[in-house]
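Residue-level structural notes
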Amino acid sequence: MTNSYRPEGYLFGTRENRDYISSKAGLERAMDEGRILEASVMLCDSRMRLHVDLYGITGIIDKSEAVYSHDSRAVKEIAIITRVGKPVCFKVMGFAVEDGREVAILSRREAQKECASFYLSDVIEGDIVEAKVTHLDNFGAFVDIGCGIVSLLSIDCISVSRISHPSDRLSVGDKIFTVIKSIDRHSGRIFVSMRELLGTWEQNAREFEVGQTVAGIVRSIEPYGVFVELSPNLAGLAELKDGSDGDIAHVGEYAAVYIKSILPDKMKVKLVLIDSYHGDIPQQRLKYYIDCNEVTHINKWRYSPPSASKIIETVF
């Protein structure tokens, strides 16, 4: 489906958006057309109202119009004050005079309600959607999937390679693609996943060859070996040598590893740990093995190769 309800911040720098918000005539035109716009929040006043910069005229988003709730739950103040300094979406509802100056009356709630009614109500499991990372927690990342409406990307759905914290893979503000994992129609909550877009075992393994020495990130150390991430959806095992005390690497370190063998039927990449060091570790680059700008839905994703006895797959 064509998505005109994108995560907050996607419209902010566009010429069309600037043309609407840079004059009262543009704002009036947007109100008549029912158009969703974006602008930056300057401050949140003592009445919990958001003040929005509209290039010469101030926009006001009342506390009751700041967040749309599917089940009419009370709006938490933290959900409002964390908008300061960031672009927010809104619809122009009218104009008023306040303290002798004209202000625009805006509603973020109405923009989100429209997004929920005309876009998110139609998505199904397996749909591929744009998302923007808004917050990271131990258990996952919260992502904006349209007009500031947030979905949970749990840590186990970020990639096949296990990570200790979402910050190992993502940063706040990242623009990513996700796939709809499940929908709670009663509460309106939508849960997303990303690992299904980052390639199968075979697709990732084809990026490497036996005999290469490559860089990876140490993700876990077990009694039988060291797991080193080669890509977000592929990790290999470097076996510990006899007599090793295991203190040859530490979780989070960068590692140079020699690829000893690649075994599709066992879904294993055997490695030899050459060296490791602690420093500023760059996040592994996300490579999508699906053209997310063209493909909008997947029914099934099988990670494991056809020859493997163990099956790892997702059916939407």
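What follows is about the sheet that holds strand E8 (residues 150–154). Around the barrel, which closes on itself, the five strands sit in the order E6-E7-E8-E10-E9 with mixed pairing between neighbours. Across the sheet, the mean angle separating the axes of adjacent strands is 50° when strand polarity is ignored. Relative to E8, strand E7 (residues 140–144) runs antiparallel, the two being bridged by five bridges. Within E8, the position partnered with Val 143 by the bridge is Ser 151.

Glancing now at the environment of Arg 169. Positionally, Arg 169 belongs in the loop between E8 and strand E9 (175–184). The buried category is assigned to Arg 169, whose relative accessible area is 1%. Each C-alpha atom of the pair Arg 169 and Ser 159 lies 8.5 Å from the other, and the pair is ten residues apart in sequence.

Attention now goes to the side chain of Asp 127. Note that Asp 127 resides in the loop between helix H4 (108–120) and strand E6 (128–137). Nearest to the buried, unbridged Asp 127 among oppositely charged side chains is Arg 185, at 7.6 Å.

Quick look at the pattern of salt bridges now. Evaluated as defined, the whole model comprises 17 salt bridges. Across the pair Glu 16 and Arg 35 runs a salt bridge whose closest N-O atoms are separated by 3.6 Å. Taken together, the positions of Glu 16 in helix H1 (residues 15–21) and Arg 35 in the loop between helix H2 (24–33) and strand E1 (36–44) put the pair 19 residues apart, joining distant regions of the chain. Residue Glu 16 is classed as partly exposed on the basis of its relative accessible area, which comes to 48%. Residue Glu 207 is joined to Lys 287 by a salt bridge in which the shortest nitrogen-to-oxygen separation is 2.8 Å. Placement of the pair is Glu 207 in the loop between helix H5 (201–205) and strand E11 (213–222) and Lys 287 in the loop between strand E15 (268–277) and strand E16 (300–302), with a sequence separation of 80 residues. The class of Glu 207 is partly exposed, set by a relative accessible area of 41%. Among the residues examined, Lys 287 registers a relative accessible area of 31% and is labelled partly exposed.

Residues Lys 260, Lys 266, Lys 268 and Lys 270 make up a contiguous surface patch of positive charge. By relative accessible area, Lys 260 is classed as exposed at 52%.

The next point concerns H4. A turn of α-helix holds 3.6 residues, and therefore any two residues three or four places apart point the same way. Every buried residue belonging to H4 is among Arg 108, Ala 111, Gln 112, Glu 114, Cys 115, Ala 116, Tyr 119 and Leu 120, and all of these are buried. Looking at the packing, one finds that the buried side of H4 touches E1, strand E3 (58–61), strand E4 (87–98), strand E5 (101–107), E6 and strand E10 (189–193). Regarding H4, its N-cap is Ser 107, as a side-chain oxygen of that residue lies 3.5 Å from the backbone nitrogen of Arg 109 further along.

Residues apart from glycine generally show negative phi values, whereas peptide bonds are mostly found in trans. Its identity is not glycine, yet Tyr 55 carries a phi of approximately 55°, on the positive side. For Tyr 55, the location among the structural elements is in the loop between strand E2 (50–53) and E3. Of the residues examined, Tyr 55 reaches a relative accessible area of 48% and is grouped as partly exposed. The backbone phi angle of Cys 147 is positive, close to 55°, even though this residue is not glycine. Under the relative-accessibility criterion, Cys 147 is labelled buried at 3%.

This brings us to the pairing of E15. Relative to E15, strand E13 (residues 234–239) is paired through two bridges, and the arrangement is parallel. Residue pairing for E15: Leu 237 is matched across the bridge by Lys 270. As paired strands, strand E14 (residues 254–263) and E15 are joined by nine bridges and run antiparallel to one another. Along E15, the bridge assignment pairs Leu 263 with Lys 268. Linking two consecutive strands that pair antiparallel, namely E14 and E15, is a turn of four residues; a positive phi of about 50° is found at Met 267 within it.

About the cut-offs
Residues numbered from 1 in each chain as written. Predicted model: local features only at pLDDT ≥ 70, side-chain atom pairs only at ≥ 80, totals over all residues. Heavy atoms only, no water. Pairing = 2+ DSSP bridges. Helix = DSSP H or I, 4+ residues; strand = E, 2+ residues; numbered from the N terminus. Axes fitted to C-alpha atoms, helices over the stretch in contact; angles between N-to-C directions. Buried < 20%, exposed > 50% of the residue type's maximum accessible area, 1.4 Å probe, protein only. Lys, Arg positive; Asp, Glu negative; His and termini not counted. Salt bridge = Lys/Arg side-chain N within 4 Å of Asp/Glu carboxyl O. Patch = residues over 30% accessible without salt bridge, like charges linked within 9 Å, V, L, I, M, F, W, Y side chains within 5 Å. Areas by Shrake-Rupley, 256 points an atom, 1.4 Å probe, with all protein chains shown as cover. Charge placed at Lys NZ, Arg CZ, Asp CG, Glu CD. Contact = heavy atoms within 4.5 Å. Polar contact = N/O pair within 3.5 Å; in protein donor to acceptor, adjacent residues only side chain to side chain.

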